[in-house]
Amino acid sequence: MADPPVSWSYERLLQLAPDASSLEQARRLFFAKRWQTLQGNGQYLWGEYETAYGHKSSAIVRLEPPLFRCSCKSPRRPCKHALALVLLFLNRNEVWTVKEELPEWAIKLLGSHAATGGSTTKSSSPDVAKQEKRIQLMDQGVGELDKWLQQLARLGLAQLANAPEEWETLAARMVDAKLGSVARRLRICHSLFEQEDWVEEVTAEIGKLYLFVRAWQRKPTLEIDQKRELLQVAGWNLRKERVLQEPGLQDNWLVLGLITGTEEKLRYRRTWFRGEKTGEYALLLDFAFGNQGFEDHWVTGSVLKGTLAYYPGQPKLRAVFKVYHSSREPYEATAAYPHLHEVQARYAQALGASPWLLSFPVLIDEVTPVYHPEEDTFMLVDSKKAFLKMATTMGNWKLLALSGGRPITCFGEYNGQSFLPISALSEGRVILL
């Protein structure tokens, strides 16, 4: 076997592991003698491990871009078997056998990824009658939401602050009307009553719901892209296969960073990319239930050469890869915002085009993170002494340490009120916060 690629290291494996426990279990398999097969061809690593009880697990790893597959039932992905393959590859080169062709079980585990780095597309003819029936059902749901909002305006928020059954009943009706995203927003809105300063935030959410109702009522007058975006706001997401049929944007894409979290028992991951030549941003949004792992693994600071297809939006941000592969070419960084007032101006411009904008990607140059202990708040300050409030996150302390009191380039999301730092660019590296 050839030596491990320069881009592979223990630190990178630590970043890809779902938790410390999985990596510790992988270390134990590193010393185990029950590996029946350890083979690779420079692009893939694969192996078969048999337990003391005779159970066999088959795992395969694609090195670039990273992809992990295993036949075991572990909900954590990458699992200990796949992680152990990489540990063996990094530290015990002598145990490997070179073989060009993948075994059949490995090809089945890889699925569509066996032939290319992207996903295959399948065309299907739309069921027009079914779509029209769903639109009618959504129309009824929006009408019911409109009546509820008008009643809320008459009664006031205080009447419903301690009536969770009212919110849950309406959310359930929205689900029945195929308005899943509206139902989720209603549940989130009710949860805001638990905060001390709930009035302002709840009022803002109610305003967005009313704005959605008014936009839906004007649906026949909207342009095609606006209609598609409105349907997504309602909860009618385009299938990935449908998006892959759209024209793509080719570039070298830098992984700027990612955010993970949980919302209503659903785990999500938001990964941001930026094109080298186009300067365009792209957001890849992934979901997983419970302890299930995400399908793909993106390493902050890596570069992928490929083509992205965008979902409808103004601006278009959410995307999916049509094809991609790892790039070894140097990435020439695109320009960042030099001053904070430009960030706010661009955000206002984007918000004017789409009131559904939840977050706005921002790469800011030459800003200094500052901590105010008396108020327990963080600020970004630019060269003109303009400042921007930062959202509360543990990443703020790491950004402060990286800066050392000096200006730094950082990337994050801006929502009109605060900046959420995701990564920092320092000495040619992208560091996840």
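If you're wondering where the values come from, they're calculated on a predicted model, not measured in any experiment.

Under the definition given, this model contains 19 aromatic pairs. Arranged with centres 5.8 Å apart and planes meeting at 40°, the rings of W298 and F321 form a pair that is tilted. Placement of W298 in the loop between β8 (281–289) and β9 (303–310) and of F321 in strand β10 (residues 319–326) is noted, with a sequence separation of 23 residues between them. The same class applies to W298 and to F321, which are both buried. Ring-pair connections join several aromatic residues into one group, and the members of that group are W148, W167, F193 and W198.

The next subject is the nonpolar core. Note on soluble globular proteins: their nonpolar side chains tend to be buried together. In this structure, L145, W148, L179, L186, I206 and F212 are the most contacted members of the largest nonpolar core, which totals 34 residues. Sorting the residues of this core by element identifies α5 (128–155), α6 (158–161), α7 (164–176), α8 (180–191), α9 (198–217) and α10 (224–234) as the ones contributing at least two each. Per-element accounting of this core gives the leading share, seven residues, to α9. Not counting residues within four places of it along the chain, the set of residues in contact with L145 comprises L170, M174, V182, F212 and V213.

The N-to-C vectors of α8 and α9 enclose an angle of 160°; their axes lie 10 Å apart at closest approach. Between α8 and α9, the interaxial angle falls into the category roughly antiparallel. Crossing of α8 against α9: the hand is left-handed. Where α8 abuts α9, its residues V182, R185, L186 and C189 lie against V202, E205, I206, K208, L209 and F212. Its residues assigned to classes, the contact of α8 with α9 shows seven nonpolar, no polar and three charged.

Attention shifts here to the pattern of salt bridges. All told, the structure shown has 11 salt bridges when counted by the stated rule. Where K219 meets D139, a salt bridge forms, and the shortest distance between an N and an O atom there is 3.5 Å. One end of the pair, K219, is in the loop between α9 and α10; the other, D139, is in helix α5, with 80 residues separating them in the sequence. Look at K219 and you get buried, because its relative accessible area is 18%. You can call D139 partly exposed: its relative accessible area is 34%. The residue R270 makes a salt bridge to E413 at a minimum N-O spacing of 3.1 Å.

So, on to the confidence of the model for the protein chain. In the predicted model, the protein chain carries a mean pLDDT of 85, and the fraction of residues at 70 or more is 94%. Mean pLDDT across the elements of the protein chain ranges from a minimum in α6, with 72, to a maximum in strand β14 (residues 408–414), with 94. Per-residue pLDDT stays below 50 along residues 116–126; that stretch engages in 19 contacts with residues further than four places along the chain or on separate chains.

By secondary structure assignment, the location of P407 is in the loop between α13 (395–403) and β14. Classification of P407 by relative accessible area gives partly exposed; the value is 45%. For the pair P407 and R34, spaced 373 residues apart in sequence, the C-alpha separation works out to 52 Å. Discounting chain neighbours no more than four positions away, the residues touching P407 are E366, V367 and T368.

Here we have six strands laid out as an open sheet, ordered β13-β12-β11-β14-β15-β16, and antiparallel in their pairing. Lying at the two open borders of the sheet, with one neighbouring strand each, are β13 (387–389) and β16 (429–432). Looking at each pair of strands side by side, their axes are set apart by 45° on average, direction ignored. For strand β12 (residues 377–381) and β13, the ladder comprises three bridges, and the chain directions are antiparallel. Note that in β13 the partner of M379 across the bridge is K389. Lying over the sheet, helix α12 (residues 340–353) contacts β11 (360–372), β12, β13 and β14, oriented at roughly 135° with respect to β11. α13 contacts β11, β12, β14, β15 (419–426) and β16 of the sheet and is inclined by roughly 80° relative to β11.

Cut-offs and rules
- Residue numbers run consecutively from 1 along every chain, following the written order of its sequence.
- Per-residue local features are limited, in this predicted model, to residues with pLDDT of at least 70; the limit for side-chain atom pairs, both in listing and counting, is 80 or more; totals at the level of whole chains, interfaces and linings are taken over all residues.
- Each side-chain value is derived from all of the structure's non-hydrogen atoms; neither hydrogens nor water enter the calculation.
- Pairing of aromatic rings covers Phe, Tyr and Trp, the last through its six-membered ring, and needs centres within 6.5 Å; plane angles under 30 degrees mean stacked, over 60 mean edge-to-face, and all others mean tilted.
- By definition, any uninterrupted DSSP run of H or I lasting at least four residues is a helix, any uninterrupted run of E lasting at least two residues is a strand, and each is numbered from the N terminus.
- Throughout, exposure labels follow a simple rule: accessible area from a 1.4 Å probe, protein chains only, divided by the maximum for the residue type, with under 20% read as buried, over 50% as exposed, and the rest as partly exposed.
- Take the buried residues of types Ala, Val, Leu, Ile, Met, Phe, Trp, Tyr and Cys, join any two whose side-chain atoms come within 4.5 Å, and each joined set is a nonpolar core.
- The contact definition used throughout considers only heavy atoms, calling two residues in contact when any of these lie within 4.5 Å.
- Lines fitted to C-alpha atoms define the axes, with helix axes restricted to the stretch in contact, and inter-axis angles between N-to-C directions lie between 0 and 180 degrees.
- Comment on the angle field: the value is read as roughly parallel under 35 degrees, roughly antiparallel over 145, roughly perpendicular from 65 to 115, and oblique elsewhere.
- The crossing is said to be left-handed when, going from far helix to near helix, the turn is anticlockwise and less than a right angle, and right-handed when the turn is clockwise.
- Each residue is assigned to one of three groups, with Ala, Val, Leu, Ile, Met, Phe, Trp, Tyr, Cys and Pro labelled nonpolar, Asp, Glu, Lys and Arg labelled charged, and all others, Gly among them, labelled polar.
- The salt bridge criterion pairs a side-chain nitrogen of Lys or Arg with a carboxyl oxygen of Asp or Glu, the two atoms within 4 Å.
- Think of pLDDT as the predictor's per-residue confidence, scored from 0 to 100.
- We treat two strands as partners when DSSP finds at least two bridges between them.

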